[in-house]
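These are the residues of each chain, in order.
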Amino acid sequence: DAGVTQSPTHLIKTRGQQVTLRCSPKSGHDTVSWYQQALGQGPQFIFQYYEEEERQRGNFPDRFSGHQFPNYSSELNVNALLLGDSALYLCASSSLRWGASQPQHFGDGTRLSIL
Amino acid sequence: SQQGEEDPQALSIQEGENATMNCSYKTSINNLQWYRQNSGRGLVHLILIRSNEREKHSGRLRVTLDTSKKSSSLLITASRAADTASYFCATLRAGGTSYGKLTFGQGTILTVHP
C-alpha cells in the first residue's frame, strides 16, 4: 500500500522563476494539504484541497496556488520565487469522509532551494 | 505563525532514560497530535488525543492533555538511539470549518546517546 509520494525530491531554482511540485495521496485518501517547513521550524499550513477545491488557506500570498485532480493527486505552484521560499514542502493526505479529526499522512517532501 | 511553543527546544539523554517534551497552544482545540520527523524526512504520526481525553498510551509513548492550561506532554519511556528525531505537536482547531488544518509547534530535537 503506497503512502504519500512527492516529486521531485530536490529542486534548485533561481529568483523569479516558477516551480510546480506534485503529490499523490495515500490510497483511499481524498484530501491533500500542503505545508512549508523552513529550516529549524515547524511546518506551516499553506492550503488544503478537497473535491478539487481549495477549502482552507493559510497566511501565504497569491504566488502560492494549487490544484487537485479527479484522482485526488495535487500540485503546488509557486510563482516569482523569492529566496525566502527555500524550504521543505510537505504534502499530507487524509480522508475527510471520516471527519476532519483524522491523523494526516505525510510524504517525504520536496526540498526547494532558491539561488 | 506557529500557534504553540514546545519545550525544551533540544533534549539530550542516554539510552534507557525517559524523555519528556511539552507543548502549549493558544486556541480551543478539537484534538492534539504528536509527530516525529527524522532528519530531512517527512513527518510520522505518533498519537492523537482528543479534547475530551486526558491521557493516552501507545507502546512506549504516553501523552497527556490539560485543556484548562492549554498544554500537552509527550513521554517516551526507555528511550532508544532510534528515537533520535525532532518531535512536533500539532493542533486541530475546534469548530466546524477547520477541514483538518494542523497548526504545528516549533518542535523539540531529541538526541538519544547509545
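A brief look at the structure comes next.

Calculation rules
Residues numbered from 1 in each chain as written. Chains lettered and ligands numbered in written order. Predicted model: local features only at pLDDT ≥ 70, side-chain atom pairs only at ≥ 80, totals over all residues. Heavy atoms only, no water. Contact = heavy atoms within 4.5 Å. Buried area = accessible area lost by both parts, 1.4 Å probe. Salt bridge = Lys/Arg side-chain N within 4 Å of Asp/Glu carboxyl O. Polar contact = N/O pair within 3.5 Å; in protein donor to acceptor, adjacent residues only side chain to side chain. Helix = DSSP H or I, 4+ residues; strand = E, 2+ residues; numbered from the N terminus. Nonpolar A, V, L, I, M, F, W, Y, C, P; charged D, E, K, R; others polar. Phe/Tyr/Trp six-rings, centres within 6.5 Å; stacked < 30°, edge-to-face > 60°. Buried < 20%, exposed > 50% of the residue type's maximum accessible area, 1.4 Å probe, protein only. Disulfide = S-S within 2.5 Å. Pairing = 2+ DSSP bridges. Axes fitted to C-alpha atoms, helices over the stretch in contact; angles between N-to-C directions.

Some thoughts on the interface of chain B and chain A
Then step 1. Each partner contributes to the interface: chain B provides 25 residues, whereas chain A provides 23 residues.
Then step 2. Between chain B and chain A, a total of about 1900 Å² is buried, with carbon and sulfur atoms accounting for 49% of that surface.
Then step 3. Linking chain B to chain A there are one salt bridge.
Then step 4. Between chain B and chain A we count five residue pairs in polar contact (both at pLDDT 80 or more) in total.
Then step 5. Among the elements of the structure, β4 (29-37), β5 (43-50), β9 (85-93) and β10 (102-104) of chain B are those that each provide at least two residues to the side of chain B that touches chain A.
Then step 6. Looking at the side of chain B that touches chain A element by element, the count peaks at five residues for β4(B).
Then step 7. Of the residues in the side of chain B that touches chain A, the class split is eight nonpolar, 14 polar and three charged.

Some remarks on the packing of aromatic side chains
All names here are of chain B.
Then step 1. Going through the model one piece at a time under the given rule, you end up with nine aromatic pairs over all chains.
Then step 2. Seen from their ring centres, Y35 and F104 are 5.7 Å apart, and the 55° between their planes marks the pair as tilted. Here the residue Y35 occupies a position in strand β4, and F104 occupies one in strand β10, the gap between them amounting to 69 residues.
Then step 3. Overall, Y35 belongs to the buried group, its relative accessible area being 0%.
Then step 4. By relative accessible area, F104 is classed as buried at 1%.
Then step 5. Measuring from ring centre to ring centre gives 6.4 Å for F88 and F104, while their planes differ by 80°; the resulting arrangement is edge-to-face.

Observations regarding the state of the cysteines
Then step 1. Tallied over the full model, the rule gives two disulfides over all chains.
Then step 2. Two residues share a disulfide in this structure: C23(A) and C91(A), whose sulfurs sit 1.8 Å from each other. Of note, the bridge from C23(A) to C91(A) carries an S-S torsion of about -60° and is left-handed in sense. Taken together, the positions of C23(A) in strand β3 (residues 19-24) and C91(A) in strand β9 (residues 87-94) put the pair 68 residues apart, joining distant regions of the chain. Both residues of the pair, C23(A) and C91(A), count as buried.
Then step 3. C23(B) shares a disulfide with C89(B); S-S distance 2.0 Å. Measuring the twist about the S-S bond at about 70°, one finds the C23(B)-C89(B) disulfide to be right-handed. One end of the pair, C23(B), is in strand β3 (residues 19-24); the other, C89(B), is in strand β9, and 66 residues separate them in sequence.

A short note on the pairing of β4(B)
Within a regular strand, the side chains alternate between the two sheet faces.
All names here are of chain B.
Then step 1. Burial analysis of β4 places seven of its nine residues in the buried class, the great majority of the element.
Then step 2. When β4 meets β9, the two strands line up antiparallel, connected through eight bridges. Bridge pairing links I29 to R93 in β9.
Then step 3. Direction of pairing for β4 relative to β5: antiparallel, over a ladder of seven bridges. Considered in β5, the bridge of Q37 is made with L43.
Then step 4. The turn linking β4 back onto β5 is made up of five residues, and G40 within it adopts a positive phi angle of 75°.

Regarding the sheet that holds strand β7 (residues 64-68) of chain A
All names here are of chain A.
Then step 1. The antiparallel open sheet is built from four strands, whose spatial order is β1-β3-β8-β7. The sheet terminates laterally at β1 (5-7) and β7, the two strands that pair on one side only. Between one strand and the next, the sheet's axes are offset by a mean angle of 20°, whatever the strand orientation.
Then step 2. Of the strand pairs in this sheet, β1 and β3 are connected by three bridges, and their pairing is antiparallel. Paired with S7 across the strands is R22, a residue of β3.

Such coordinate-based values are descriptive only and should not be taken to indicate function.
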